[in-house]
Amino acid sequence: MKTAVIYARYSSDSQTEQSIEGQLRVCEEFAQKNNILILGTYIDRAMTGTNDNRPDFRKMIADSSKREWDYVICYKLDRFSRNKYETTIHKKTLKDNGVKVLSAMENIPDTPEGIILESLLEGMNQYYSAELAQKVKRGMYETRRKGYYQGGGLPYGYKIDGRKIVIDDDAAEVVRYMYDQYAKGAFVKDIIEELTNRGVLHRGKPFAKNTVYGILKNERYSGIYRHGDEVIENMFPRIVSADTFQLVRAKVKKNEFGKRSIKTVYLLRGKVKCGYCGMPISAETGTTRQGVVIHYYKCLGKKKYGNGCVKTQIRKEFLEEFVLNCIVEELSKPKMINYIVANLLKIQDEKITKSDFKPAFEREKQSG
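The following paragraphs examine the structure supplied in this document. (Residues numbered from 1 in each chain as written. Predicted model: local features only at pLDDT ≥ 70, side-chain atom pairs only at ≥ 80, totals over all residues. Heavy atoms only, no water.)

Check the secondary structure of the protein and you find 13 helices and 11 strands. Considering only intrachain contacts with a sequence separation of at least 6, the fraction spanning at least 24 residues in the protein is 59%. (Helix = DSSP H or I, 4+ residues; strand = E, 2+ residues; numbered from the N terminus. Contact = heavy atoms within 4.5 Å.)

Bringing the sheet that holds strand 4 (residues 100-103) into the picture now. What the four strands build is an open sheet, ordered 2-1-3-4; its pairing is parallel. Only two strands of the sheet have a single partner each, and these edge strands are strand 2 (36-44) and strand 4. The mean angle between the axes of side-by-side strands here comes to 30°, regardless of whether they run parallel or antiparallel. Note: strand 3 (residues 71-74) against strand 4, four bridges, orientation parallel. Paired with Cys74 across the two strands is Ser103, which belongs to strand 4. (Pairing = 2+ DSSP bridges. Axes fitted to C-alpha atoms, helices over the stretch in contact; angles between N-to-C directions.)

Under the definition given, this model contains 13 salt bridges. With a closest N to O distance of 3.0 Å, Lys59 and Asp63 form a salt bridge. Of the two residues, Lys59 and Asp63 are both situated in helix 2 (residues 55-63); the distance of four residues between them amounts to about one turn of the helix. Residue classification places Lys59 among the partly exposed residues on the basis of a relative accessible area of 32%. Measuring nitrogen to oxygen at the nearest pair gives 3.1 Å for the salt bridge that ties Glu320 to Lys316. Here Glu320 and its partner Lys316 are both found in helix 11 (residues 316-331), four residues apart, which amounts to about one turn of the helix. The exposure class of Lys316 is buried, given its relative accessible area of 11%. Salt bridges here are not isolated pairs; linked through shared partners, they connect Lys59, Asp63 and Lys66. (Salt bridge = Lys/Arg side-chain N within 4 Å of Asp/Glu carboxyl O. Buried < 20%, exposed > 50% of the residue type's maximum accessible area, 1.4 Å probe, protein only.)

Residue position: His295 is located in strand 10 (residues 293-299). Accessibility expressed as a relative area gives 17% for His295, which makes it buried. A distance of 3.3 Å separates polar atoms of two side chains, one belonging to His295 and the other to Thr285. In contact with His295, not counting residues within four places along its chain, are Thr264, Tyr266, Glu284, Thr285, Arg315, Lys316 and Glu317. (Polar contact = N/O pair within 3.5 Å; in protein donor to acceptor, adjacent residues only side chain to side chain.)

What follows concerns the pairing of strand 5 (residues 158-161). As defined by bridge partners, strand 5 adjoins strand 6 (residues 164-167) across four bridges and the pair is classed as antiparallel. Of the residues in strand 6, the one forming a bridge with Lys159 is Val166. Taking the residues that link successive antiparallel strands as the turn, the strand 5-strand 6 hairpin has two residues, and the phi of Gly162 there is positive, at about 70°.

What follows is about the packing of aromatic side chains. Scanning the model with the defined rule gives 10 aromatic pairs in all. A centroid spacing of 5.4 Å and a plane angle of 85° characterise the contact between Tyr156 and Phe207, whose relative ring orientation is edge-to-face. In this pair, Tyr156 is assigned in the loop between helix 5 (112-145) and strand 5 and Phe207 in the loop between helix 7 (188-197) and helix 8 (209-217), connecting sequence segments 51 residues apart. For Tyr156, a relative accessible area of 22% translates into the label partly exposed. With relative accessibility at 4%, the residue Phe207 sits in the buried group. Ring geometry for Tyr179 against Tyr221: centres 6.2 Å apart, planes inclined by 65°, an arrangement best described as edge-to-face. (Phe/Tyr/Trp six-rings, centres within 6.5 Å; stacked < 30°, edge-to-face > 60°.)

Mapped onto the elements, Ser64 comes out in the loop between helix 2 and strand 3. Accessibility expressed as a relative area gives 1% for Ser64, which makes it buried.

For residues other than glycine, phi is negative in most cases, and the peptide bonds are mostly trans. For Asn35, which is not glycine, the phi torsion reads 60° and is therefore positive. Along the chain, Asn35 falls in the loop between helix 1 (17-33) and strand 2. The phi angle at Arg67 is positive, at roughly 55°, despite the residue not being glycine. In this structure, Arg67 sits in the loop between helix 2 and strand 3. With a relative accessible area of 53%, Arg67 lands in the exposed category.

A few words now on the sheet that holds strand 11 (residues 314-315). The strands making up a sheet associate through hydrogen bonds between their backbones, and the pairing can be parallel or antiparallel. Taken in spatial order, the three strands line up as 9-10-11 in an open sheet, and their pairing is antiparallel. Whereas interior strands pair on both sides, the edge strands pair on one side only; in this sheet they are strand 9 (281-287) and strand 11. Where strand 10 meets strand 11, two bridges bridge the pair, whose relative direction is antiparallel. Within the sheet, the bridge partner assigned to Tyr296 lies in strand 11 and is Arg315.

Turning our attention to helix 7. Every buried residue belonging to helix 7 is among Val188, Ile191, Ile192 and Leu195, and all of these are buried. What you see down the axis of helix 7 is that its buried residues fit within an arc of 95°, all on one side. On its buried face, helix 7 is in contact with helix 6 (169-183) and helix 8. Directly beyond the C-terminal end of helix 7, a positive phi value near 85° is found at Gly199. (Arc of directions from axis to C-beta.)

Coordinates in, geometry out; function isn't part of it.
The structure is reproduced here in structure tokens:
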């Protein structure tokens, strides 16, 4: 008796497990009619067939090298792939391993004429995917052109009314306040502090700095939405004027948060805490009166929260060199070297053990 595995797939989250159950049922009936024993299944859920980036599909191709089954049965050839080029490559791999792909719903004869029919079906599958993608792209373009909501997250200050994006009045006032204050020279941290004092929160918490900067840089508040080379002016209602947005964007670009230290690598960023108050140590950059740029670490509790911590700032080079020397000294101890070697050997043994596995259907056969 010939043996086979079933490969089943559906494309999107809008489909359900019933799609898989239906494919499996048809494939099992096909196998029974043709006296083929099913040994296992490979299933990919919500995975497109236009490429082979599918976990179970790749596993199936790899497992075929074990030569434990003769066929891969699919509901239709489009479940196997909708990319004719990749179909050819993977079918060649399967053929080299003695495996053939069978379609349960498409009666493809094992004759020279069947080669033409199979090639035609594969070409039609790829054509269908390309045409569908083109229709979706065209539909999305028309939706944007009409100014309709296309789904996804909305910027703070907007809400949905039917298919249109409209202004959320209360949140929009907060956005205008941010733009107005920043344009006047206020710091973001001061804007956040004032909003918090007024009881204006974002998702139940004070606004984060990155959230405020994101709002101040978002061109949609000026009524402009860009999609690639398209400029759409009728999708997002204007909350701030174009002049105000341009002024604020220029100031943000000049004073962007963290810009001074972005090119400097701080080895201990996010890894050190203050020994006095327990708060994190932040990475900082400053300039002396002589114009010399210095990099250092500073207690965040003292800097941001004014908790009275007595920890003074420490130069970046000194602290990093001290920590690295301590690490090297610790790792050089014989006890630590033995510990590391033992654990590396343990990990290697585990990888070797895991690589020597058998598929689920083989274990089931052996267990009876």
